[in-house]
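Geometric and topological summary
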Amino acid sequence: MTSLSRHIPLVVLLGSLAAAVPAQAQEFKAGFVNTDRVFREANSAKAAQAKLEQEFAKREKELVDQGNSLKNATDKFEREAPTMSESQRVSRQRQLADQDRDFQRKRREFQEDLSSRKSEELAQVLERANRVVKQVAETEKFDVILQEAVYINPKLDITDKVIKAMNSAGNGK
């Protein structure tokens, strides 16, 4: 519901603009950019994804290894628990619980760091995309270019032009 109410003022504004333009005046020109496609297909977005993967690969591998080690230790404990004394069992349970807490904390920190860095990288891609969209809009004399819409006629979609312009600008930065 909030999404719909957020778009109502835009629809009213566009309707008002279209109604205010006299019939003999120049036609209202609108376009649409699919930012999801830009984030998937633009070279700068692909480069940002590769950069993140490289930056976080070591930590991710360490987490996977730690998780596997914890699982193996837990499996071993479950097999050996029946033959352990009560104090040994309690001690190993405590040790495994501490290791699990440490693992969960590291995994949570990893996810938070990755999410933060991903947001930073995507913000840079979006900033670049917005500059390119503005250039395309000025060059081709668009009155408005939307990045979100419930429905867009495919002939108004300028995403390919934006991606092409971003990619042709060198390495996309």
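Details of the structure are given in the entry above.
In short, a report on the structure.

Conventions used here
- Residues numbered from 1 in each chain as written.
- Predicted model: local features only at pLDDT ≥ 70, side-chain atom pairs only at ≥ 80, totals over all residues.
- Heavy atoms only, no water.
- Helix = DSSP H or I, 4+ residues; strand = E, 2+ residues; numbered from the N terminus.
- Contact = heavy atoms within 4.5 Å.
- Expected span 1.5 Å × (residues − 1).
- Phe/Tyr/Trp six-rings, centres within 6.5 Å; stacked < 30°, edge-to-face > 60°.
- Buried < 20%, exposed > 50% of the residue type's maximum accessible area, 1.4 Å probe, protein only.
- Core = buried A, V, L, I, M, F, W, Y, C linked by side-chain atoms within 4.5 Å.
- Arc of directions from axis to C-beta.
- Salt bridge = Lys/Arg side-chain N within 4 Å of Asp/Glu carboxyl O.
- Axes fitted to C-alpha atoms, helices over the stretch in contact; angles between N-to-C directions.
- Parallel < 35°, antiparallel > 145°, perpendicular 65-115°, else oblique.
- Left-handed = near helix turned anticlockwise from the far one by under 90°.

So, on to the side chain of arginine 92. The topology assignment puts arginine 92 in helix H4 (residues 86-139). Excluding its chain neighbours within four sequence positions, the residues that come into contact with arginine 92 are Ala73, Phe77, Glu80 and Met84.

In this model, H4 (54 residues) spans 78 Å end to end at C-alpha, consistent with the 80 Å of a helix rising 1.5 Å per residue. Lysine 141, located one to two residues past H4, shows a positive phi value of around 60°.

Enumeration according to the criterion identifies 1 aromatic pair in this entry. Their ring planes at 80° and their centres at 5.7 Å tell us that phenylalanine 56 and phenylalanine 110 sit as a pair that is edge-to-face. Linking phenylalanine 56 in helix H3 (residues 43-80) with phenylalanine 110 in helix H4, this pair joins segments that are 54 residues apart in sequence. Taken individually, phenylalanine 56 and phenylalanine 110 each receive the classification buried, so the pair is uniform in this respect.

Further remarks concern the nonpolar core. Proteins that are soluble and globular tend to have nonpolar side chains buried together. By size, the foremost hydrophobic cluster in this structure holds 17 residues, and its most contacted members are Val33, Val38, Phe142, Ile145, Ile158, Val162 and Met166. Residue assignment for this core shows that the elements contributing at least two residues are H3, H4 and helix H5 (159-168). At 6 residues, H4 tops the list of elements feeding residues into this core. Contact partners of valine 38, with chain neighbours within four places excluded, come to Val33, Ala45, Ala129, Thr159, Val162, Ile163 and Met166. In terms of nonpolar packing, the next biggest core, distinct from the first, is built from 11 residues, Phe56, Phe77, Leu96 and Phe110 among them.

With that settled, the discussion passes to H5. Among all positions of H5, only Thr159, Val162, Ile163 and Met166 are buried. All buried residues of H5 lie within an arc of 95° about the axis, which places them on one face of the element. Opposite its buried face, H5 presents the exposed residues Asp160, Lys164 and Ser168, each directed more than 90 degrees away.

Take threonine 35: it is sitting in helix H2 (residues 35-41). Overall, the relative accessible area of 19% leaves threonine 35 in the buried class. Residue contacts for threonine 35: discarding those within four places in its chain leaves Leu126 and Gln147.

As a further point, take the pattern of salt bridges. If you walk through the whole model with that rule in mind, you get 16 salt bridges. A salt bridge links lysine 71 to aspartate 75, with the shortest nitrogen-to-oxygen separation between them at 3.0 Å. A residue pair is termed a helical-turn pair when its members lie 3 or 4 positions apart in one helix, as lysine 71 and aspartate 75 do in helix H3 at 4 residues. Given a relative accessible area of 49%, lysine 71 falls into the partly exposed group.

The next subject is the packing of H4 against H5. With their axes 9 Å apart at the nearest point, H4 and H5 run at an angle of 110° to one another. Here H4 is positioned roughly perpendicular relative to H5, judged by the angle of their axes. Viewed along their axes, H4 and H5 form a crossing whose handedness is right-handed. Residues Val125, Arg128, Ala129, Val132 and Val133 of H4 touch H5, and the partners they reach there are Val162, Ala165 and Met166.

Nothing here speaks to function; it is geometry throughout.
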